[in-house]
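So the chains spell out like this:
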Amino acid sequence: MLVEGVLLAFVIRYRRGKRARAAEGPQIHGAVRLEIGWTVLPVVILAAIGSFVFYKLPGISNAPAASAADQSSITIEGRQFYWMFHYPNGAVSFGTMVAPANEVVHEAIYSPDNDVSHSWWVPNLGGQVDTIPGRTNETWFQAPPGTYIARCAELCGVQHALMTAHVRVVPRSEYEQFIAQRKADQRGVTLGKEEFDYVCTSCHRLNETYIGPALGGNPLLKDRKGIEDILRRGVGKMPAVASDWTEAQIDALVNYTKTLKKTSGG
Ligand code: CUA
């Protein structure tokens, strides 16, 4: 408003009118105070903004100080097309990350070398952090109990739009119970079902062709070795979705897929 207003006012106020086209305006030379003013004022403004930014910067990039005892660290792996969470005791979860409430939670975020770039984004807990194959980015949060929605914020392929997750922030005792249970039941169908629901069903259905072929009745669902080969190496358009899973994780999946009936579920 200010700039356009002044511009219009000057265009009208100083228009040529009836003066000759070649007539020159008054020749003014030098306005020392004005020139010093329009030099010094921007310098002062920019210096003030710059100082403020550098004053605030350390507090923005560093996690608040906390004793080692009440911190935890969770590794977040982005893959086509799911999120896998690794906990300090070696347990894993898919699709839902469980984290302790009201304490600093460090997040190490990456994609494996054979995957593509994704972006971990929990809008209510902070900004987007890219997952870049071959490098680890770090961030942190400290949140009250609740469930927070996470999204992949980097176009990463055909099922990018489905690459959602939840962060379930719970009291520390509940968090510790969760990761202990997961560790104790590394080959269980609870994990297997989670793997199937978050990883396989990104692209497959039991009864119909989706992104990939229907899985119902496929003998591979009961074939530990056959499933492992495909999951670790990929086939055709299917990426090597489980290239870095542990043997226990593959066992968990097969323990679950063995229970699937040809037409059960979606
Ligand atoms: Cu992963 Cu978009």
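In this text, all values refer to a predicted model and were calculated from it rather than measured experimentally. Numbering of residues starts from 1 in each chain and follows the order in which that chain's sequence is written. Reporting in this predicted model follows two pLDDT cut-offs: at least 70 for local features of residues, and 80 or more for side-chain atom pairs to be given and counted; totals over whole chains, interfaces and linings ignore these cut-offs and use all residues. Side-chain metrics in this entry use all non-hydrogen atoms of the structure; hydrogen atoms and water are not considered.

Undergrad: What is the right way to read a nonpolar patch on the surface from this model?
TA: Each patch is assembled from residues with relative accessible area greater than 30% and no salt bridge, linking like charges that lie within 9 Å and nonpolar side chains (Val, Leu, Ile, Met, Phe, Trp, Tyr) that lie within 5 Å. Shrake-Rupley sampling with a 1.4 Å probe provides the accessible areas, and residues are treated as covered by the protein chains on show and by no other component. In what follows, salt bridge is the name for a side-chain nitrogen of Lys or Arg lying within 4 Å of a carboxyl oxygen of Asp or Glu. On the surface, L41, I45, L46, I49, V53, F54 and L57 cluster together into a nonpolar patch covering about 720 Å² of accessible area. What makes L57 partly exposed here is its relative accessible area of 40%. Burial classes: relative accessible area under 20% of the type maximum marks a residue as buried, over 50% as exposed, and values in between as partly exposed (1.4 Å probe, protein chains only).

Undergrad: Got a minute to help me understand the nonpolar core in this structure?
TA: Soluble globular proteins: nonpolar side chains tend toward being buried together. The definition of a nonpolar core used throughout is a set of buried Ala, Val, Leu, Ile, Met, Phe, Trp, Tyr and Cys residues joined through side-chain atoms within 4.5 Å. Within the largest apolar cluster, 32 residues are counted, with the highest numbers of intra-cluster contacts made by F85, Y87, M97, W120, F141 and V167. Strands here mean DSSP runs of E at least two residues long; helices mean DSSP runs of H or I at least four residues long; both are numbered from the N terminus. Contributing elements (two or more residues each) for this core: β1 (72-79), β2 (82-86), β4 (96-100), β5 (105-110), β9 (146-152), β10 (164-170) and α3 (172-184). The leading source of residues in this core is β10, at 4 residues. Should any heavy atoms of two residues lie within 4.5 Å, those residues are counted as being in contact. Each residue touching V167, except ones within four places of it in the same chain, is listed here: M97, W120, V122, L125, F141, G146, T147 and Y148. Formed by 22 residues, the second largest nonpolar core is a distinct cluster that contains V241, W245, A252 and L260.

Undergrad: Help me out: how do you make sense of the pairing of β9 in this one?
TA: Here is the key point about a regular strand: its side chains alternate between the two faces of the sheet. Any two strands with at least two DSSP bridges between them are considered paired. Here 2 bridges tie strand β6 (residues 118-121) to β9, and the two strands are oriented antiparallel to one another. Residue W120 lies in a different strand from β9, and its bridge partner there is C152. Relative to β10, β9 runs antiparallel, the two sharing 6 bridges. Looking at β10, one finds that A150 is bridged to A165.

Undergrad: Where do I start with the packing of aromatic side chains in this structure?
TA: Each aromatic ring pair is characterised by the separation of its centres together with the angle its planes make. Classification of ring pairs rests on two measures: the distance between centres of Phe, Tyr or Trp rings, Trp counted by its six-membered ring, which must be within 6.5 Å, and the angle between planes, read as stacked under 30 degrees, edge-to-face over 60 and tilted in between. Across all of its chains, the model carries 9 aromatic pairs by this definition. When the ring of Y87 is compared with that of F178, the centres are 5.9 Å apart and the planes differ by 80°; the resulting orientation is edge-to-face. With Y87 in the loop between β2 and β3 (92-94) and F178 in helix α3, the pair connects residues that are 91 residues apart, well separated along the chain. Given a relative accessible area of 4%, Y87 falls into the buried group.

Undergrad: Teacher, can you tell me more about the sheet that holds β3 here?
TA: In sheet architecture, strand pairing relies on hydrogen bonds along the backbone and comes in two forms, parallel and antiparallel. Spatial ordering of the open sheet is given by β3-β2-β1-β5-β8, a layout of 5 strands whose pairing is mixed. Because the sheet does not close on itself, it has two edges, and the strands there are β3 and β8 (137-141). Across the sheet, the axes of successive neighbouring strands diverge by a mean angle of 25°, strand direction being ignored. Helix axes are fitted to C-alpha atoms over the stretch in contact, other axes to C-alpha atoms as well, and angles between N-to-C directions run from 0 to 180 degrees. Of the strands in this sheet, β2 and β3 touch helix α4 (residues 189-198), which is tilted by about 40° from β3.

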